[in-house]
Amino acid sequence: KGKAVFEQRGVEVPKGWSQGATNIVVSKYFRGEIGKPNREWSVRQMVDRVAKTISEWGVRGGYFATEQDAEIYEQELTAILVNQMAAFNSPVWFNVGVNPRPQCSACFINSVRDDMRSILNLAVTEGMLFKYGSGTGSNLSALRSSKEKLSHSSGKSSGPVSFMKGYDAFAGVIKSGGKTRRAAKMVILNVDHPDIEEFVTCKQREERKARTLIEAGYDASMDGEAYSSIFFQNANNSVRVNDDFMRAVTDGGEWSTKAVTDGAVVDRMPARDLMRKIAEAAWECGDPGLQYDSTVNRWNTVPNSGRINGSNPCSEYMFLDDSSCNLASLNLMKYRRDDGSFDLAGFKHAVEVMITAQEIVVDNSSYPTPAIEQNSYDYRPLGIGYANLGALLMSRGLAYDSDEGRNFAAALTSLMSGHAYFQSAKMAEAQGPFNFYKLNEKPFLRVIGMHRDHAYAQSGDGVPDDLVVEARHAWDNALEFGMTHGFRNAQISLLAPTGTSGFLMDCDTTGVEPDIALVKYKWLVGGGLMKIVNQTVPEALARLGYGEEDRRAILDYLEKNDTIEGAPGLKDEHLPIFDCAFKPAKGQRAIQPMGHLRMMAAVQPFLSGAISKTVNVPNEATIDEVENIYIEGWKMGLKAVAIYRDGSKGQQVLTTSVKKEEKKEEKKAEAAPAPAPEVRVEYRPLRRRLSDERKSLTHKFSVAGHGGYITVGLYDDGSPGEIFLRMAKGGSVVSGLMDAFAVSTSIALQYGVPLKVLVKKFAHVRFEPSGFTTNPNIRIAKSLIDYMFRWMALKFLPLEDQIAAGVNVDVQTLAEAGKSDMAASDESHQQAVTAAAVLPTEPLAAEEPTGAAEQLNLDHAVERAKNNETLTASFDNQSDAPACDTCGAMMVRNGACYKCLNCGSTSGCS
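Participant: Explain the confidence of the model for the protein chain to me, and be specific about the residues and the numbers.
Facilitator: Reading predicted coordinates in detail is not appropriate for stretches of low pLDDT. Summary statistics for the protein chain give a mean pLDDT of 84 and a share of 83% for residues scoring 70 or more. Segment residues 176-181 is flagged for pLDDT under 50; beyond a separation of four residues in sequence, or across chains, it makes 11 contacts in the model.

Participant: Describe the pairing of strand 18 (residues 706-714), listing the residues and the values that go with them.
Facilitator: Bridge count for strand 17 (residues 696-703) against strand 18 is 8 bridges, and the pairing is antiparallel. From the neighbouring strand, Val703 faces strand 18, where its bridge partner is His706. Hairpin connection of strand 17 to strand 18: 2 residues between the antiparallel strands, including Ala704 at a positive phi of 55°. Pairing geometry for strand 18 and strand 19 (residues 720-727), over 7 bridges, is antiparallel. Paired with Ile710 across the bridge in strand 19 is Leu725. Linking strand 18 to strand 19, which pair antiparallel, is a turn of 5 residues; within it Gly718 sits at a positive phi near 90°.

Participant: Tell me about the packing of helix 9 (residues 243-251) against helix 22 (residues 623-635), and name the residues and values.
Facilitator: Look at helix 9 against helix 22: their axes get within 11 Å of each other, and the N-to-C directions meet at 130°. As far as their axial angle goes, helix 22 and helix 9 are oblique. Every pair of crossing elements has a handedness; the one defined by helix 9 and helix 22 is left-handed. The residues of helix 22 that touch helix 9, namely those facing Asp243, Met246, Arg247, Val249 and Thr250, are Tyr630, Ile631, Trp634 and Lys635. Looking at the contact of helix 9 with helix 22, its residues break down into 5 nonpolar, 1 polar and 3 charged.

Participant: Can you lay out the pattern of salt bridges for me, pointing to particular residues and giving the numbers?
Facilitator: Under the definition given, this model contains 42 salt bridges. Note that Lys185 is salt-bridged to Glu126, the shortest N-O span being 2.8 Å. Separated by 59 residues along the polypeptide, Lys185 in strand 4 (residues 184-190) and Glu126 in helix 5 (residues 116-131) bring together distant segments of the chain. You can call Lys185 buried: its relative accessible area is 4%. Its relative accessible area of 2% is what places Glu126 among the buried residues. Members of the salt-bridge network, linked through shared partners, are Glu359, Asp363, Arg380 and Arg488.

Participant: Please provide a residue-by-residue account of the nonpolar core, values included.
Facilitator: One broad trend across soluble globular proteins is that nonpolar side chains are buried collectively. Counting residues in hydrophobic clusters, the biggest one holds 163 residues, and the most contacted among them are Ile54, Leu77, Phe88, Phe245, Leu330, Phe347 and Met354. If one sorts the elements of this core by residue count, helix 15 (residues 403-431) sits on top with 12 residues. Each residue touching Ile54, except ones within four places of it in the same chain, is listed here: Leu77, Phe88, Val96, Ala357, Ile360 and Val361. The next biggest cluster of nonpolar side chains, apart from the first, holds 32 residues, and it includes Leu725, Ala748, Leu749 and Leu797.

Thresholds, definitions, all that
- Residues numbered from 1 in each chain as written.
- Predicted model: local features only at pLDDT ≥ 70, side-chain atom pairs only at ≥ 80, totals over all residues.
- Heavy atoms only, no water.
- pLDDT = per-residue confidence, 0-100.
- Contact = heavy atoms within 4.5 Å.
- Pairing = 2+ DSSP bridges.
- Helix = DSSP H or I, 4+ residues; strand = E, 2+ residues; numbered from the N terminus.
- Axes fitted to C-alpha atoms, helices over the stretch in contact; angles between N-to-C directions.
- Parallel < 35°, antiparallel > 145°, perpendicular 65-115°, else oblique.
- Left-handed = near helix turned anticlockwise from the far one by under 90°.
- Nonpolar A, V, L, I, M, F, W, Y, C, P; charged D, E, K, R; others polar.
- Salt bridge = Lys/Arg side-chain N within 4 Å of Asp/Glu carboxyl O.
- Buried < 20%, exposed > 50% of the residue type's maximum accessible area, 1.4 Å probe, protein only.
- Core = buried A, V, L, I, M, F, W, Y, C linked by side-chain atoms within 4.5 Å.

Structure below.
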């Protein structure tokens with residue numbers, strides 16, 4: 001609404017940091033009350049607070065041989081952080097150096113037992129984690145099913161899905177009152193649990209309820225009345241499937257569910273039928289995802305201590321129950337040299353520094369439960385990952401969906417994890433391995449050997465020779481050193497969504513994701529928007545051999561058209577390099593779903609944990625395609641897959657409701673007796689002319705340098721009745737067309753077509769000239785028509801219609817200008833005009849255009865067609881997204897969570 005959500009003046013940041021990174025750091029990570037002397041005002045203070053504290057902890061914990069070593073380490077960590085080469089997860093920035101025992105982990109996995117006390121304790125634990133902005137996941141398969149009896153009575157158990165309603169309600173309440181972010185929660189159920197079918201369809205059934213409420217007129221937003229009144233909307237659901245089930249699916253075999261209490265078979269069904277239900281539910285509402293249990297536990301480094309049953313909300317952290325993980329991510333683009341080569345030595349050194357810092361943090365953190373605290377000390381799991389992979393591949397001229405691009409990503413991931421394990425082994429030499437290493441030594445070394453085997457089997461196509469050698473050498477070192485000294489950490493690497501931390505590092509792409517679009521719009525500190533062309537594109541074009549003149553022509557085309565397709569001089573074989581996650585408005589190319597899946601499969605063998613990523617599919621994708629993605633994910637060796645189909649939330653089902661109502665009316669008509677003949681009354685539109693002398697309003701405008709004037713003639717009640725549009729440069733084609741269009745709009749207004757309908761039809765129409773304007777309420781116009789109708793909305797429509805039309809509205813200014821009175825009377829005026837438009841009075845004059853009544857009826861058909869088009873448009877990754885709790889912008893899906901592209905906030909792990 002135009003109000004400042006945060007302001008702090010006199011801040012100091014590194015010169016090379018963007019305004020976006022500045023906003024993130026100052027608003028989120030600076031500590032102290034604004035306006036008080038203890039408030040941080042410089043990135044120096046923030047980085048010193050973190051780096052010095054960790055260094056002091058390291059000295060106290062015996063991680064450095066001398067004071068000089070500790071000082072050097074502190075300086076190196078400071079250089080890495082201040083130069084945006086890496087970043088910790090948000091709890092570290094929030095709490096380190098502020099609290100004596102800070103909470104530093106973003107990811108938690110909680111256990112639950114089959115008794116009421118444990119069930120209720122889980123609600124308490126989750127609530128406290130949500131309060132401080134962390135995410136949590138639990139596998140509820142230990143709870144007996146609704147088909148089993150209670151221990152001391154003849155009654156039946158409620159079942160896990162019943163208790164999920166309670167957990168969901170608590171998450172929703174805490175989400176509404178939390179200060180940091182929305183509740184992030186994962187719920188998992190094993191595929192052999194007797195309640196698995198109820199679990200699979202629970203969100204699907206609730207989604208249908210939401211659609212019914214939306215059809216009845218309830219608010220369709222994620223925090224609106226429709227979705228807030230149904231269950232299971234505050235959690236991501238995943239089914240744990242094993243190899244036996246997946247083989248039964250592919251072979252057409254039978255599947256059995258077994259009682260939790262005694263293991264007896266409860267139900268039998270064709271495995272394909274259950275998989276079909278999973279795919280149908282995911283197709284309809286996005287849940288459940290799949291976690292491949294056999295694969296996860298095949299890579300478990302500590303199987304003698306226990307199975308891996310659960311994950312965090314975004315599915316990248318998978319480890320023992322009652323455990324936690326602190327995350328850090330490396331900015332890959334910061335290790336690219338001026339000549340385009342990759343700085344392997346600098347990358348390896350950064351891995352050493354960051355892993356050491358994460359390890360030091362473990363002993364100095366606080367944890368929500370005694371079990372999580374003990375397991376954190378006993379197993380010391382860490383999660384190092386990276387961001388900006390998509391930008392790095394593009395800068396090297398490698399397509400994201402190509403063998404060469406996947407090979408390069410795999411080699412980098414291999415080097416990162418292998419060298420991190422090597423550093424963990426070196427820390428074990430000085431500090432000793434984690435407490436239960438000896439119990440798990442053989443399986444641990446077996447898993448390290450599996451990583452090493454994949455490194456040697458990795459193809460070198462598209463990968464520099466030195467990177468291939470370094471990756472293999474890293475796993476050789478890890479295995480050799482680990483066999484002698486053991487390992488300090490039971491887990492070491494994963495790929496997180498890197499939402500806020502990615503913005504802090506000025507990353508173009510997050511985690512393992514490709515770029516969303518080649519052209520973005522960014523807010524400026526003083527207000528307004530700036531159109532930003534991806535800065536990786538020029539570098540990619542230069543690497544591909546395009547000359548300066550060709551590059552300039554391609555970039556000019558990209559800036560004007562928001563797509564690189566059709567750019568002059570661009571070779572067809574280079575188009576895949578610039579493919580992004582979603583189709584541009586004027587383009588047809590995007591990375592296909594299997595391209596995302598293959599990239600995940602390429603890097604998964606080199607990660608201790610898993611990958612936070614969603615496979616996005618278009619609206620027209622079929623249930624068969626969704627099912628195939630789940631099956632292929634298992635065959636490719638992934639640990640988890642989440643799917644989201646465009647349009648699978650209730651906000652996009654309005655056309656479906658119209659079709660349902662039409663079918664109901666058709667059935668009623670068929671069943672009803674034939675009506676008696678009636679006398680038909682012919683209705684014709686009435687033209688409401690303006691008086692010969694009328695008031696008018698003239699507005700001067702400029703769109704991308706094209707100036708002109710809009711003059712609106714007003715009825716006596718102040719409503720618009722005619723429009724004249726004159727361009728400053730008369731006699732041009734644009735001037736003539738705009739003049740003719742204004743006349744036709746005037747006639748439509750006089751025949752009673754509501755201005756709201758015209759605004760809805762013509763606002764955001766895109767053609768040249770388009771660009772920045774001088775109007776602070778309409779910063780960018782997509783065309784002259786777009787500007788005219790959004791300006792009309794600003795002047796003559798109620799506040800809610802102005803917001804819907806995309807006008808930047810200042811409510812206080814409107815009230816001072818007296819527009820609130822006009823908004824209040826607008827509805828009655830529109831009703832009067834609409835009623836007058838269908839009176840059976842004077843016929844049309846000979847000089848007036850015919851077909852006005854047909855045009856009014858055609859409006860409804862056009863609107864219906866427009867709604868249908870949204871179902872086949874390019875992927876909308878905001879269709880079910882909530883508004884950002886920090887800045888209010890709409891968030892987008894990222895893995896199984898959401899992130900804000902404006903301020904960097906995430907709804908899951910950072």
